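So the chains spell out like this:
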Amino acid sequence: MHLTPAVAALCISALPKAAHATTSETCCSALGATALKSQVVYPGSAGYKKSIDSYWAENVQLEPTCILQPRTAQDVSFAVSTLVAADGGACKFAIRGGGHTTWAGANNIVDGVTIDLSLMNTTTYDKKAGTASILPGSRWGGVYETLAKDNVTVPGGRSGVVGVAGFLLGGGNTFHTARVGFGCDNIVNYEVVLANGTIIEANKDSHADLFKALKGGSSNFGIVTKYDMRIIDGDKLWGGIVTYDNSTTLRHLEAGHKFINNLENDPYASWIGMWGYISVTDQNMVANALEYTSPVAYPAAFDDFITITNTSSSMRIADIWNLTQELGQAAGYRDVFLTASFVNNLDMMKRTVDIHNRMIEEAKTGAKGDDYTMSTMIQPWPKLFTDHSTDLGGNMLGLDRFDENLFQVLFDYSWKDEADDALFNQLANSALEELTTYSKLIGADNEFIYLNYANNNQNPLSTYGPENVEFIRTVAKKYDQTGVFQTQVPGGFKISAVSNEQEDGEGSGNSRTFAGNDCRQMGTDIAVLKFDVECHRKDACDILDVIFAAAAVSVPALVVAKLSSLYHRILERQKAYNWDIHIISAVICGYSLALVFALILRAIVSQ
Ligand SMILES: Cc1cc2nc3c(=O)[nH]c(=O)nc-3n(C[C@H](O)[C@H](O)[C@H](O)COP(=O)(O)OP(=O)(O)OC[C@H]3O[C@@H](n4cnc5c(N)ncnc54)[C@H](O)[C@@H]3O)c2cc1C
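Residues numbered from 1 in each chain as written. Predicted model: local features only at pLDDT ≥ 70, side-chain atom pairs only at ≥ 80, totals over all residues.

**A few points about unusual backbone geometry**
Then step 1. Backbone geometry at D87 places phi at a positive 50°, although glycine is not the residue there.
Then step 2. Structurally, D87 can be placed in the loop between α4 (73-85) and β3 (93-96).
Then step 3. You will see that S218, though not glycine, has its phi angle at about 60°, which is positive.
Then step 4. Assignment of secondary structure puts S218 in the loop between α8 (208-213) and β10 (223-230).
Then step 5. Since 23 C-beta atoms lie within 10 Å of it, S218 is described here as buried. (Helix = DSSP H or I, 4+ residues; strand = E, 2+ residues; numbered from the N terminus. Buried ≥ 20, exposed ≤ 12 C-beta atoms within 10 Å, placed from the backbone.)

**Considerations on the packing of helix α9 (residues 249-262) against helix α12 (residues 346-366)**
Then step 1. Two elements in contact, α9 and α12, have axes whose closest approach is 10 Å; the angle formed by their N-to-C orientations is 140°. Taken together, the axis directions place α9 and α12 in an arrangement best described as oblique. The chirality of how α9 crosses α12 is right-handed. Side by side, α9 and α12 meet where T249, L253, E254, G256 and H257 of the first sit next to L346, M349, K350 and V353 of the second.
Then step 2. Tallied by class, the residues present in the contact of α9 with α12 amount to four nonpolar, three polar and two charged. (Axes fitted to C-alpha atoms, helices over the stretch in contact; angles between N-to-C directions. Parallel < 35°, antiparallel > 145°, perpendicular 65-115°, else oblique. Left-handed = near helix turned anticlockwise from the far one by under 90°. Contact = placed C-beta atoms within 7 Å. Nonpolar A, V, L, I, M, F, W, Y, C, P; charged D, E, K, R; others polar.)

**Regarding the site of the ligand**
Then step 1. Near the ligand lie 32 residues; those nearest to it are G97, G98, G163, G166 and G492.
Then step 2. Breaking the shell around the ligand down by element, the ones donating at least two residues are β3, α6 (164-169) and β10.
Then step 3. If one sorts the elements of the shell around the ligand by residue count, α6 sits on top with four residues.
Then step 4. Classifying every residue of the shell around the ligand gives 11 nonpolar, 19 polar and two charged.
Then step 5. Both domain 1 (23-116) and domain 2 (123-233 + 470-483) contribute no fewer than three residues apiece to the shell around the ligand. (Near = placed C-beta within 6 Å. Domains from an automatic or database assignment.)

**Here's the deal with the pairing of strand β18 (residues 372-381)**
Then step 1. In terms of burial, β18 is largely enclosed, as nine of its 10 residues are buried.
Then step 2. Pairing of strand β13 (residues 269-278) with β18, which is carried by six bridges, proceeds in the antiparallel orientation. Bridge pairing links M274 to M377 in β18.
Then step 3. Pairing of β18 with strand β19 (residues 406-415), which is carried by 10 bridges, proceeds in the antiparallel orientation. Bridge pairing in β19 places M377 opposite L410. (Pairing = 2+ DSSP bridges.)

**Brief notes about the sheet that holds β10**
Then step 1. Reading across from one edge, β5-β6-β10-β8-β9 is the order of the five strands in this open sheet, with antiparallel pairing throughout. A single partner strand is all that each edge strand has here, and the edge strands are β5 (123-126) and β9 (199-203). Averaged over all pairs of adjacent strands, the angle between strand axes in this sheet comes to 20°, irrespective of strand direction.
Then step 2. The pairing of β5 with strand β6 (residues 131-134) spans four bridges and is classified as antiparallel.

**Structural notes on the sheet that holds strand β2 (residues 66-68)**
Backbone-to-backbone hydrogen bonds join strands into a sheet, with any given pair of strands oriented parallel or antiparallel.
Then step 1. One open sheet holds the four strands; their spatial order is β1-β2-β4-β3, and the pairing between them is mixed. A strand with exactly one partner marks an edge of an open sheet, and here the two such strands are β1 (40-41) and β3.
Then step 2. Relative to β2, β1 runs antiparallel, the two being bridged by two bridges. Paired with V40 across the bridge in β2 is L68.
Then step 3. Sheet strands in contact with helix α2 (residues 23-32) are β1, β2 and β4 (113-116), and its direction is about 45° off that of β4.

**Considerations on the environment of M348**
Then step 1. Here M348 lies in helix α12.
Then step 2. Residue classification places M348 among the buried residues on the basis of 22 C-beta atoms within 10 Å.
Then step 3. With 59 residues separating them in the primary sequence, M348 and F407 have C-alpha atoms 9.5 Å apart.
Then step 4. With residues up to four places along the chain from it excluded, the contact list for M348 reads F342, V343, S439 and A444.

**Observations regarding the pairing of strand β8 (residues 187-193)**
In the case of a regular strand, side chains alternate between the two sheet surfaces.
Then step 1. In terms of burial, β8 is largely enclosed, as five of its seven residues are buried.
Then step 2. Note: β8 against β9, five bridges, orientation antiparallel. Paired with N189 across the two strands is N203, which belongs to β9.
Then step 3. Here β8 folds back onto β9 in antiparallel fashion, the turn holding five residues, of which G197 has a positive phi close to 90°.

**Thoughts on the confidence of the model for the chain**
Then step 1. Of the residues in the chain, 82% reach a pLDDT of 70 or more, and the chain-wide mean stands at 87.
Then step 2. Low pLDDT (under 50) marks residues 5-19, which in the prediction has 24 contacts with non-local residues, meaning those over four places away or in another chain.
Then step 3. Ignoring residues within four places in sequence, the model shows residues 502-542, a span with pLDDT below 50, making 70 contacts including any to other chains. (pLDDT = per-residue confidence, 0-100.)

Written as structure tokens, this is what we have:
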């Protein structure tokens with residue numbers, strides 16, 4: 001029997017509630033009372049254990065009340081209608097694609113239902129249309145393997161184990177990005193289950209607003225049950241991993257810096273620079289993932305890397321499936337990812353590796369466990385990537401605001417011992433904070449945070465630019481009027497967690513931004529400090545004006561940098577947690593005034 005979502009919803013709301021059942025038990029019972037019964041698994045069953053164990057990072061292996069494993073878009077639609085109607089809308093649920101996000105609660109839930117899409121995992125090639133239809137539970141390895149039979153591929157994950165669904169919803173950086181844009185730029189159609197259970201197609205002609213919003217806007221609109229992607233002819237590459245002694249760092253950074261600026265001359269080339277420490281072997285080394293998206297060995301684009309003496313190399317001509325098996329990282333560890341973007345600047349790159357090395361020393365003295373790895377990755381993020389996105393109709397990332405070539409840093413720490421959770425999270429956060437502060441000091445900062453690498457204390461959607469934030473907010477409201485994907489699905493990065501400038505201030509007339517308020521500390525090297533503090537209230541802005549003016553003439557540059565960093569951190573958290581902006585403004589202003597006047601007083605007294 002096939003029930004429409006509306007009929008299903010009626011039936012569910014009429015179901016008697018189990019006596020003393022908690023909300024999440026009621027939600028599981030509601031699913032269990034439908035035709036989906038055989039697809040619901042509970043703690044203690046083999047299916048449940050297999051699903052939980054297959055999350056990549058151990059720290060995200062939460063235990064939901066039950067897991068639903070749909071097989072079709074209709075199953076997903078039925079499940080959403082059921083969960084929205086059951087228990088007066090109190091059911092919380094999570095959506096899981098490949099399960100590779102490293103922070104707990106993004107793709108799983110404790111008190112609620114997890115919709116695990118992993119059984120929806122096939123790929124179908126439509127030769128005539130030149131597209132591949134990929135279901136959301138697929139992993140990239142499986143996609144490449146299927147498409148290899150026809151000697152075609154798609155721009156997807158660089159590690160075969162990674163899930164398709166989340167990767168494409170967050171953007172998707174690939175070996176092919178310099179040639180064809182991000183993974184999401186190459187999607188021509190999405191099949192989406194909306195909050196009311198309707199299944200729709202979103203493409204450039206139908207629901208075009210949703211089509212665009214899904215390109216980077218993540219899980220704010222519905223559950224994607226199919227991605228149709230444009231294919232690329234030929235799946236053979238020249239690539240592999242080359243390792244080097246740590247003493248060659250500077251040459252890699254110089255080569256990488258140049259590579260980013262030259263990528264437009266040969267967009268077939270792709271480089272990931274990795275600095276990695278492995279505790280069990282006590283090795284700290286450099287590794288490059290070099291990939292050329294055509295079966296051509298030793299292309300000139302890699303000359304500066306190739307001439308550096310290596311300690312091992314797996315460079316070969318192989319298909320993309322083979323190469324993405326090699327780039328997989330071990331699963332079963334506790335992990336943290338933290339990321340930021342910077343202007344392509346050699347000093348920034350050097351500082352990145354310096355901080356990486358220092359964090360390793362701190363881990364050596366602080367770690368309780370003896371099995372951990374600390375990787376710091378540097379990846380190109382040049383203007384060229386964005387140019388392709390624009391040509392293909394645009395996405396939500398908002399990178400077209402930036403004129404400079406960027407590079408991206410990913411601090412990727414993995415450890416075995418739960419007792420080290422606090423240590424590695426703290427080290428990754430300190431590393432990022434220090435690097436970001438330095439970038440502001442030398443004017444190499446960039447606000448963009450890549451969602452797929454972001455941690456839960458970051459707010460990537462807020463860095464997409466005001467227009468795109470507003471667009472995502474509007475589209476989310478249009479397709480999910482009751483906010484199911486904001487409240488009933490708490491996992492992932494939510495547009496509702498991005499503060500609404502208009503509502504926070506006292507009207508748009510009072511909202512303005514300090515941009516490029518340069519403070520110069522005459523006669524010192526660290527001369528230029530860039531302030532970019534968003535001000536929401538006129539009085540707070542006026543006070544900050546005075547503070548910055550005073551700071552420019554009387555406060556040592558480092559103190560000003562610290563203040564700037566503090567403002568940024570507080571304002572980021574204000575956005576993330578929706579703290580009251582008036583209280584925050586008052587605290588910032590009060591603290592700053594007190595500090596600045598104390599410093600001025602000290603300077604006067606000491607003269
Ligand atoms: C080893 C490794 C290698 C990686 N390599 C790359 C890389 O080369 N390039 C890159 O850009 N990123 C890379 N990443 C990051 C990766 O893109 C993200 O972790 C991404 O979220 C993975 O997708 P997933 O389906 O496994 O995610 P999940 O964790 O399952 O989901 C991510 C988010 O999307 C939501 N979601 C999942 N499926 C759906 C759906 N069908 N509809 C609506 N919402 C959904 C989830 O609720 C969750 O909030 C890598 C990560 C790892 C761990």
